[in-house]
Amino acid sequence: MKVFGNNSTQEHVQNNRQNAKVKTAKRKPRFFKTSAASYSVKGDEALRMRDYTNAIKYYWESISQISPIDDCEHVQDLSQCKKNCVVVSTLLKISEAHLKENKKTESRSILERAESLIGPVVIFENQQENGTDEEYNVVRYSSLTLFSKLLETKGDLDVSDGDLTAAEEVYLSALSHKRNAVNIIRTNGSVASLFAAHSNIDMELAAILKKMGRVLQRRGNYKESALTFSEALSIRQGHQHDNTSTEVAHLLQHLTEVYREIGDYESALQHVKSLEKCFRKRDSRATLVNILIEKSNILILQKKYVLSMSEATSALDISNAHGFEHSEGPLLRASATEQVAKVLEAQLNYDDAILWHKNAHTMRSSTLSVSHPLVLQSAKCIAQIYCKSGEHDRAKTLFKDMRDKVIKTIGLEEHIRVADILDELGLVYSDQDNISAAIKYHRRALEIRKTCKASLGLDGAKTLGYIARLQLEKGNRLEAMSHFSEALAILRKNHCSSSHPLVIKTIRSMTAFDHVEDELESISVKL
């Protein structure tokens, strides 16, 4: 039985179907373009809803509708540049989704793929002579912004992996591309109008500068860090009417820290005063207490003890006010109390200082575990005054009691906190010129650190430095040299620069050897 009445009708239907296929084929590019955008929107929505699996699936579908990814590596015109930029933008979103799932390996793999696509675009653009063409500048701005974002993400991954050397290099490259993008907007009015919505590009530049500054700070490059933070602060303050923003406050805090490390106490004081103004306007009393303590510390370094005590007592008055959370109040009071003690100690008023330190220790001990670093810090402050007063036995008794309590609380003798206390004991014995006993405690601390961690960090380098200097005093030059070299290797592994305080201190100690100048120069270059 025939569905249609005759053959001519069937032929007509077949012709209509064929025509429909042709029309569909003609519309295909437009359909795929719409489909790619649709998948991208779905991916964005899934990412916003934290549905990372579906977000990644939609993003890959979006890319597949644009062009086979392997075809994107060959760039011959601006049209291909645009296509690559769209693909790279989507790949960055996929990388972000992987990071949200804490899949760093997958994220790195995606970033490498994205870099292989955006690299040829930048090379192609650099070779063009139509640098004043509007379309060219629009595409170039897009590619530079994407490349900068890609490199920034790579730098973030390097920081999370602890590879500060690689992070510094990558952030530097990201900054270069971001600055070039900013320059395009500033020197091309037509492009600037097209990217009016991208007025936050300076903020993006400031964000990378801040990350770069933190890496430089952690590596001990304090002068470069100060310059980087200052540029970021200048950008923020130039674009934000409210100079009490969180980002401005963070930069002021970092600048206070690096200027203090440099020894530029006046600059440090200026920045901490600006920071104080921020939080007084916010009425954030808890943070204000810590800022006043920092201000007091800087004034101690300037030997302005009366002003320092004024700031310390102001911090104490605020911490004594009501309204803090249950544990926050006592801990803030302990910090302010300890700061009063430090001012008294700087004035050589040891009798009063030790009473204030003991009060701070009691406050912390009643709130925190005996193994908490702040409790150990209070005990360390008390012991140091005992040593300054010539009461070394009391300092040793204090630390030994602390060690026993920590072991009892934790249930382990081989713990980092125990190693910290043993190092402090070693320093007390060293202060008494009991070198053999000091070495014994430091060696035990080193053993514990090696047991507790797969690799030694900066604390391990410090312990090795203690042992090396004591061996040098005993005349064991070769053994001392061995420990110094191991300490420098650890510092290098932890990406400390040649200007890091621990590196400088170690190298200066090593100069006691007449025959190691060439080796020291080589080590310094490697660092």
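This is a predicted model, so every value here is computed, not measured. (Residues numbered from 1 in each chain as written. Predicted model: local features only at pLDDT ≥ 70, side-chain atom pairs only at ≥ 80, totals over all residues. Heavy atoms only, no water.)

A.B. asks: Please clarify how the overall build of the protein should be interpreted in this entry.
C.D. replies: Counting secondary structure elements, the protein contains 23 helices and 0 strands. Considering the protein as a whole, with its 527 residues, one finds that 46% of them fall into the buried category. If you take every contact in the protein between residues at least 6 apart in sequence, the share linking residues at least 24 apart comes to 61%. Carbon and sulfur atoms form 49% of the exposed surface of the protein, whose accessible area is close to 27100 Å². (Helix = DSSP H or I, 4+ residues; strand = E, 2+ residues; numbered from the N terminus. Buried < 20%, exposed > 50% of the residue type's maximum accessible area, 1.4 Å probe, protein only. Contact = heavy atoms within 4.5 Å. Areas by Shrake-Rupley, 256 points an atom, 1.4 Å probe, with all protein chains shown as cover.)

A.B. asks: Just checking my understanding: could you explain the packing of aromatic side chains for this structure?
C.D. replies: The description of an aromatic ring pair uses the distance of the two centres, along with the angle that the planes make with each other. Taken as a whole and assessed by the stated rule, the structure comprises 2 aromatic pairs. Both rings, one in Y39 and one in Y58, keep their centres 6.4 Å apart while their planes meet at 25 degrees; by these two values the pair is stacked. Pair noted here: Y39 is in helix α1 (residues 7-48) and Y58 is in helix α2 (residues 52-66), with a separation of 19 residues, a long-range link. Under the relative-accessibility criterion, Y39 is labelled partly exposed at 22%. For the pair Y429 and Y441, a centre-to-centre distance of 5.2 Å together with 15 degrees between the ring planes defines the contact as stacked. Residue Y429 is found in helix α18 (residues 416-431), and its partner Y441 is found in helix α19 (residues 435-452); the two are separated by 12 residues along the sequence. Each member of the pair Y429 and Y441 is classed as buried. Directly above the aromatic system of Y441 lies the positively charged group of K440, at a separation of 4.9 Å from the ring centroid. (Phe/Tyr/Trp six-rings, centres within 6.5 Å; stacked < 30°, edge-to-face > 60°. Lys NZ or Arg CZ within 6 Å of the ring centre and 35° of its normal.)

A.B. asks: Would you mind showing me how to read the nonpolar core here?
C.D. replies: Soluble globular proteins tend to pack their nonpolar side chains together in the buried interior. Formed by 68 residues in total, the largest nonpolar core has its most connected members in C81, V88, L91, I94, I118, L150 and L255. Core analysis: the next-biggest nonpolar cluster, separate from the first, contains 47 residues, A286, I385, M402 and V428 among them. (Core = buried A, V, L, I, M, F, W, Y, C linked by side-chain atoms within 4.5 Å.)

A.B. asks: Sorry if this is basic, but what is going on with the packing of helix α17 (residues 392-410) against α18 here?
C.D. replies: A packed helix pair is summarised by two numbers, namely the angle formed by the two axes and the spacing between the axes. Orientation of α17 relative to α18, taken along the N-to-C sense of each, is 165 degrees, at an axis distance of 10 Å. Taken as axis vectors, α17 and α18 run roughly antiparallel relative to one another. The crossing of α17 and α18 is left-handed. Every residue of α18 that contacts α17 at H392, A395, K396, F399, K400, M402, R403, V406 and I407 is listed here: R417, V418, I421, L422, E424, L425, V428, Y429 and D431. (Axes fitted to C-alpha atoms, helices over the stretch in contact; angles between N-to-C directions. Parallel < 35°, antiparallel > 145°, perpendicular 65-115°, else oblique. Left-handed = near helix turned anticlockwise from the far one by under 90°.)

A.B. asks: Honestly, the side chain of H357 in this entry has me stumped. Any pointers?
C.D. replies: Considering the arrangement of structural elements, one finds H357 in helix α15 (residues 350-367). Note on H357: relative accessible area 1%, which makes it buried. Among the polar contacts made by the side chain of H357, one reaches the side chain of E345 at a distance of 3.3 Å. Sequence-distant contacts of H357, defined by excluding residues within four places in its chain, comprise E338, A341, K342, E345, C381, I382 and I385. (Polar contact = N/O pair within 3.5 Å; in protein donor to acceptor, adjacent residues only side chain to side chain.)

A.B. asks: Looking at this structure, how should I read helix α3 (residues 78-100)?
C.D. replies: For the α-helix, the turn length of 3.6 residues means that residues three or four positions removed from each other point alike. With 23 residues, α3 extends 33 Å from end C-alpha to end C-alpha; this agrees with the ideal 33 Å at 1.5 Å per step. Phi turns positive one or two residues past the end of α3, at N102, with a value near 65 degrees. (Expected span 1.5 Å × (residues − 1).)

A.B. asks: Quick question: what am I supposed to make of helix α9 (residues 222-239) here?
C.D. replies: Taking 1.5 Å per residue as the helical rise, α9 with its 18 residues ought to reach 26 Å, and the 26 Å between its terminal C-alpha atoms agrees with that figure. Among the residues of α9, those classed as buried are Y222, S225, A226, T228, F229, A232, L233, I235 and R236.

A.B. asks: Is there a simple way to think about the state of the cysteines in this case?
C.D. replies: Note on terminology: disulfide describes a covalent bond linking the sulfur atoms of two cysteines. Counted under the stated rule, the structure contains 0 disulfides. Sulfur of C81: no disulfide; nearest cysteine sulfur belongs to C85 and is 6.7 Å away. (Disulfide = S-S within 2.5 Å.)

A.B. asks: Is there a simple way to think about the pattern of salt bridges in this case?
C.D. replies: Where charged atoms from two side chains of opposite charge approach closely, those side chains can pair. Here the structure, examined in full by the defined rule, presents 32 salt bridges. With its nearest N and O atoms 3.9 Å apart, the salt bridge here joins K342 to E338. Remark: E338 and K342 occur in helix α14 (residues 328-346); sequence separation between them is 4 residues, near one turn of the helix. The buried category is assigned to E338, whose relative accessible area is 4%. Put simply, K104, R108, D158 and D161 are held in one network by salt bridges that share partners. (Salt bridge = Lys/Arg side-chain N within 4 Å of Asp/Glu carboxyl O.)

A.B. asks: Help me understand the environment of V215, please; the structure alone is not making it clear to me.
C.D. replies: Residue placement: V215 occurs in helix α8 (residues 201-219). C-alpha of V215 to C-alpha of A167: the two residues are 48 residues apart in sequence and 7.3 Å apart in space. For V215, the contacting residues outside a window of four places in its chain are V159, L164, A167, E168 and Y171.

A.B. asks: Quick question: what am I supposed to make of the environment of L422 here?
C.D. replies: With respect to the helices and strands, the residue L422 is situated in helix α18. On the basis of relative accessible area, L422 is assigned to the buried category, the value being 4%. Taking the C-alpha atoms as reference points, L422 and K400, separated by 22 residues in sequence, lie 8.4 Å from one another. In this structure, L422 is in contact with R403, Y441, R444, A445 and I448, ignoring residues within four places of it in sequence.

A.B. asks: Is there a simple way to explain unusual backbone geometry in this structure?
C.D. replies: One can expect most non-glycine residues to show negative phi and most peptide bonds to be in trans. Residues other than glycine seldom take positive phi values, yet N102 does so here, at roughly 65 degrees. With a relative accessible area of 57%, N102 lands in the exposed category.

A.B. asks: Help me understand the side chain of S378, please; the structure alone is not making it clear to me.
C.D. replies: Inspection of the secondary structure assignment puts S378 in helix α16 (residues 373-388). With a relative accessible area of 1%, S378 lands in the buried category. Every residue in contact with S378, bar those within four places of it in the chain, is listed here: E338, A360, H361 and R364.

A.B. asks: Which parts of the structure should I look at to understand the packing of helix α6 (residues 164-187) against α8?
C.D. replies: In contact at an axis separation of 9 Å, α6 and α8 are set at 155 degrees when each is read in the N-to-C sense. With respect to α8, the element α6 is oriented roughly antiparallel. Here α6 runs over α8; the crossing is left-handed. Residue classes in the contact of α6 with α8 are distributed as 16 nonpolar, 1 polar and 9 charged. (Nonpolar A, V, L, I, M, F, W, Y, C, P; charged D, E, K, R; others polar.)

A.B. asks: Got a minute to help me understand the environment of D459 in this structure?
C.D. replies: Take D459: it is sitting in helix α20 (residues 458-474). Considering only alpha carbons, one finds D459 and I490, 31 residues apart in sequence, at a separation of 9.8 Å.

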